[in-house]
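# Reading the structure
Chain by chain, the residues:
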Protein chains: 2
Amino acid sequence: MKDILDTPVKMPAHETIYRALREKILFGELVPGQAVTIQGLVNELAVSMTPVREAIRTLTAEGALELQGNRRVCVPIIGERRFSELGFARLSIEPELAKRAALNMTPDDIEDLMRIDVELNKAIDSGDIHGYMKQNWLFHFTLYGHADSKVLQPLAESLWLRYGPLSRIVSGQYGTRNLVDLHDEALSALRDSDNAGVGDAIRGDIQQGLDIVRESQCW
Amino acid sequence: MKDILDTPVKMPAHETIYRALREKILFGELVPGQAVTIQGLVNELAVSMTPVREAIRTLTAEGALELQGNRRVCVPIIGERRFSELGFARLSIEPELAKRAALNMTPDDIEDLMRIDVELNKAIDSGDIHGYMKQNWLFHFTLYGHADSKVLQPLAESLWLRYGPLSRIVSGQYGTRNLVDLHDEALSALRDSDNAGVGDAIRGDIQQGLDIVRESQCW
DNA sequence: CAATCCAATATTTGATCAAATTATTTTTCA
DNA sequence: TGAAAAATAATTTGATCAAATATTGGATTG
C-alpha cells in the first residue's frame, strides 16, 4: 500500500536539469537567439549527457527551445508573425483556464492569490524585474492550477515559455515603473464568485501585456 | 559553402523512433492505457537506449504519452473531463489555423487537398479504418501546413496526438460506414476564396467528430 | 500479513564515433 | 606582391552505444 506522504524525495537528474533550464528561459535569464549546448550544460552542471539531452528534448517539444537546422538548439527568436500566433493562442486558452479555475476556488485559495499579488506589487515598486516576472507567473499559474486541467494548463505553460523571453526584454527596456495589470479585477471577480468575470479580467490582463510588447517593437 | 541541395539524407535515430511511435499513436495502433517501455523499444527496433529515451521524452512533452508516477509511460486514457478540454482547445485553434492557411493557398494546393479527400472517401467506402485515420489526418494537416504557423500548428498536432487513439476506438466500434465530414464544404469555401468559410467548415467538421466520440461514451 | 529478496525496468555514466564549426594554411588571380 | 577565395586541419559539439547503478513491483517466506 502506498503511503499518504507520496513525496518523492529524490528527483531524476533530467528533471532537475529541465526545471533549472525552464526557469532560466521563463524568467528571461536566457535571451532569444542564445545558444544552448549539451556540452555546455554538461560542464556547467557536472552531469552526464543523456539527462541533459532529455531535458533539452522536452523543452524543445514545448517550444521553449528551437532546433536550428544544424542540430544545434537555441532560445527561439519571436518575430511579428509568431507573436501574433502566440497572442491568439494565449487569448484563446488562458481566459477559459481562469474561468474553470474560478469554479473550484475556496476563500483560502483566493487569499493565497492575494498574497502573491502583494509580492508582485512589491517587486514592481522596487524595480525588481526578475521578481516581477516570477510573481506574475506565479499569480497566473496558481490561479490556473485550480482548474485541475491536464490539457489546457500544459498548453498555457508552453505559451508562457515562449512569451517569457520577450516580456523580459520589454521589462528590461522600460523598467517596472509603468507596468500595470488587471489582477485586482480578477481577484474582485473571484471574491464575487463571478467566474466569467475572472476570465474577462485575465483576458484583459493578457491583452494589455500583448499591447505593451507589440508597441515596443522588439523585433 | 553550403550546396543548394540541402537534403539531409540521414535522419538521427531518435527522430526515426519518434516518427514511428508517433504514427502508431496517431492512427490508433497503440490503445489508451497501453504501456510503452524503453527496453521494449530497444529490443523491437534494435537501437540503443538514449535515442529511445529522447523519442519518449518528446512524445511525453507533446501529451502523446503520459508519465505514470512510477516512472513508467503509457498511452494516456482520456476521460470525460479531458475530452472536454481537448474539444475546447481543438475548436479554439484549428479553425483559426484553417482560416490562416486558406489565405495562402493556390489552386494547385486546393487540388492536392481534393486528391486527399478522394483517397479518404475510398478508405471510408472500403471500411479501411487505418486508411481513414491517415487520410483524415493528412487532409487537416496539409491544409494547416499552408498557414506556415510555428505556434498554432504544433499545438494542433499535440491535440491530435491525444485525440487519435480515442477516434480510433470509436471507428473500430462503429466502422467507417456512417462516417461523415464537412471536407466538401471546406473545399468549396477554398475555391471561393472564402477564408472565414473555410474556418467555419473546419469548425463544423471538428464539432461533428467530437459529437460522435461523446455519444459513443468510450470512457 | 509484513518484511525481505529477486527480477524487470529506469537512470546515469563514460567512451566512441560522426558531424559541424572555426582556425589555419594554401592557392589563385589581378 | 597582396588580397580574396579555396582547401585543409584542428577543435568543438552532437549522436549513439554498452556497461554500471538505482529504483520499482511482485514473489517468496517467515
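Numbering of residues starts from 1 in every chain and runs along the sequence as written. All chains are assigned letters beginning with A, and all ligands numbers beginning with 1, in the order in which they are written. At least 70 in pLDDT is required for a residue's local features to be given in this predicted model, at least 80 for side-chain atom pairs to be given and counted, and no such filter applies to totals for whole chains, interfaces and linings, which use all residues. Calculated side-chain values reflect all of the structure's heavy atoms, with hydrogen atoms and water omitted.

### Things to note about the overall build of chain A
Secondary structure elements are taken from DSSP: a helix is a run of H or I of four residues or more, a strand is a run of E of two residues or more, and numbering for both begins at the N terminus. Along its length, chain A carries nine helices and three strands. It is over C-alpha atoms that the radius of gyration is taken, and the globule rule equals 2.2 Å times the number of residues to the power 0.38. Taken against the 2.2 N^0.38 rule, which gives 17 Å for 219 residues, the C-alpha radius of gyration of chain A at 18 Å falls within 12% of a compact globule. Oriented by its inertia axes, the alpha-carbon framework of chain A measures out at about 55 × 50 × 30 Å. Within the span of chain A, comprising 219 residues, buried residues form 48% of the whole. When checking whether two residues touch, look at their non-hydrogen atoms; a contact exists if any pair is within 4.5 Å. At a minimum sequence separation of 6, the contacts of chain A that also span at least 24 residues come to 73%. Total accessible area on chain A is roughly 10800 Å²; 52% of this is exposed by carbon and sulfur atoms. The buried label goes to any residue with under 20% of its type's maximum accessible area, the exposed label to any with over 50%, and the partly exposed label to all in between, with areas taken from a 1.4 Å probe on protein chains only. Here the accessible surface of atoms and residues is derived via Shrake-Rupley with a 1.4 Å probe, and residues count as covered only by protein chains that are part of the display.

### Some points on the interface of chain A and chain B
At the junction of the two partners, chain A supplies 29 residues and chain B supplies 29 residues. Values labelled buried area give the accessible surface lost by two parts on being combined, using a 1.4 Å probe and summing over both. At the boundary of chain A with chain B, total buried surface from both sides reaches about 2800 Å², with 56% on carbon and sulfur atoms. Any Lys or Arg side-chain nitrogen found within 4 Å of a carboxyl oxygen on Asp or Glu counts as a salt bridge. Inspection of the chain A/chain B interface yields four salt bridges. Of all the secondary structure elements, the ones that give two or more residues to the side of chain A that touches chain B are helix H3 (49-61), helix H4 (80-102) and helix H7 (152-174) of chain A.

### A closer look at the protein's contact with DNA strand D
The local shell around DNA strand D holds 19 residues, among which Lys-10 and Arg-53 of chain A together with Ala-13, Asn-70 and Arg-71 of chain B are the closest. Counting only atoms of DNA strand D within 4 Å of the protein, the fraction found in sugar and phosphate groups is 70%. Definition of a polar contact: a pair of N or O atoms within 3.5 Å, with one able to donate and the other able to accept a hydrogen when the atoms are protein atoms, and with sequence-neighbouring residues admitted only if both atoms are side-chain atoms. A distance of 2.7 Å separates a phosphate oxygen of DNA strand D from a polar atom in the side chain of Arg-53 of chain A. Listed by contribution, the elements that provide at least two residues to the surface near DNA strand D are helix H2 (38-45) and H3 of chain A together with helix H1 (13-26) and helix H3 (49-61) of chain B. The greatest single-element share of the surface near DNA strand D, amounting to three residues, is contributed by H3 of chain A. Of the residues in the surface near DNA strand D, the class split is six nonpolar, six polar and seven charged. Whether a residue is near a molecule or strand depends on its heavy atoms: if one lies within 4 Å, it is near. Ten residue types, Ala, Val, Leu, Ile, Met, Phe, Trp, Tyr, Cys and Pro, are classed as nonpolar, four, Asp, Glu, Lys and Arg, as charged, and the remainder, Gly among them, as polar.

### Overview of the protein's contact with DNA strand C
Around DNA strand C sit 19 residues in total, of which Ala-13, Ser-48, Thr-50, Asn-70 and Arg-71 of chain A are the nearest. Of what DNA strand C places within 4 Å of the protein, 71% of the atoms are sugar or phosphate. Within the side chain of Asn-70 of chain A, an N or O atom sits 2.2 Å from a phosphate oxygen of DNA strand C. Counting residues per element, the ones that place at least two in the surface near DNA strand C are helix H1 (13-26) and H3 of chain A together with helix H2 (38-45) and H3 of chain B. The residue makeup of the surface near DNA strand C, split by class, is seven nonpolar, six polar and six charged.

### Overview of the layout of surface pockets
Where empty space is left in the structure can be found by rolling a water-sized probe over the atoms. Residues and elements named next belong to chain A. Cavity means a closed set of points on a 1 Å grid over the protein atoms alone, one where a 1.4 Å probe fits but cannot get out, pocket means an open set with protein on both sides within 12 Å along at least 5 of 7 lines, and lining means a residue has an atom within 4 Å of a point. Grid points are joined across faces, edges and corners, and a volume is the space filled by probe spheres set on the points. Considered as a void within the structure, the second largest pocket measures approximately 460 Å³ in volume. The wall of the second largest pocket is formed by 28 residues, among which Tyr-132, Ser-167, Leu-179, Gly-209 and Ile-212 lie closest to the centre. Sorting the residues of the lining of the second largest pocket by element identifies helix H6 (129-145), H7 and helix H9 (195-216) as the ones contributing at least two each. If you tally residues by element for the lining of the second largest pocket, the top one is H9, at eight residues.

### What to know about unusual backbone geometry
Residue and element names in this part refer to chain B. Even without being a glycine, Arg-71 presents a positive backbone phi close to 35°. Mapped onto the elements, Arg-71 comes out in the loop between strand S2 (66-68) and strand S3 (72-74). Residue Arg-71 is classed as exposed on the basis of its relative accessible area of 79%. The phi angle at Asp-148 is positive, at roughly 50°, despite the residue not being glycine. Its place among the elements puts Asp-148 in the loop between helix H6 (129-145) and helix H7 (152-174). In this structure Asp-148 comes out as partly exposed when scored by relative accessible area, which is 45%.

### What to know about the confidence of the model for chain A
Residues and elements named next belong to chain A. When pLDDT is averaged along chain A, the result is 91; 96% of the residues meet or exceed 70. Across chain A, the secondary-structure element scoring lowest on mean pLDDT is H2, at 90, and the one scoring highest is H4, at 97. Within a predicted model, pLDDT stands for the predictor's per-residue confidence, ranging from 0 to 100. Contacts for the low-pLDDT stretch residues 1-8, under 50 throughout, to residues beyond four places or in other chains number one contact.

### Some points on the domain arrangement of chain A
Residue and element names in this part refer to chain A. As annotated, the domain borders come from an automatic or database domain assignment. Entries for chain A in the domain assignment read domain 1 (13-74) and domain 2 (80-216). Here the C-alpha centroids of domain 1 and domain 2 sit 25 Å apart. Facing 14 residues of domain 1, the contacting portion of domain 2 comprises 14 residues. Taken as a group, Arg-22, Leu-26 and Phe-27 account for 47% of the area that domain 1 buries against domain 2, more than any other trio of residues on that side. Between Glu-66 and Arg-82 there is a salt bridge, and its shortest N-O distance comes to 2.8 Å. Taken together, the links from domain 1 to domain 2 amount to two residue pairs in polar contact (both at pLDDT 80 or more). Ranked by residues supplied to the side of domain 1 that touches domain 2, first place goes to H1 with four residues. Of the residues belonging to the side of domain 1 that touches domain 2, the class tally is seven nonpolar, two polar and five charged.

### Points about the nonpolar core
Inside soluble globular proteins, nonpolar side chains tend to come together where they are buried. Counting 130 residues, the largest nonpolar core has Leu-143, Tyr-144 and Leu-190 of chain A together with Leu-143, Tyr-144 and Leu-190 of chain B as the members making the most contacts within it. Those residues in contact with Tyr-144 of chain A that sit more than four places away from it in its chain are Glu-94, Leu-97, Ala-98, Ala-101, Gln-153, Trp-160, Ile-202 and Ile-206 of chain A. Among the buried residues, those of types Ala, Val, Leu, Ile, Met, Phe, Trp, Tyr and Cys that are joined through side-chain atoms within 4.5 Å form a nonpolar core.

### Details of the side chain of Ser-216 of chain B
On the secondary structure map, Ser-216 of chain B appears in helix H9 (residues 195-216). With residues up to four places along the chain from it excluded, the contact list for Ser-216 of chain B reads Val-170, Gln-173 and Tyr-174 of chain B.

### Remarks on the relation of the copies chain A and chain B
Least squares is the method for superposing the copies, and the C-alpha atoms it fits come from residues with pLDDT of at least 70 in both. Superposing chain A onto chain B takes a rotation of 180° combined with a translation of 0.0 Å along the rotation axis, leaving an RMSD of 0.0 Å. Within this description, the copies of the chain are treated as partners about a two-fold rotation axis. When the interface residues of chain A are mapped onto chain B, 97% of them again fall at the interface, so both copies present the same face.

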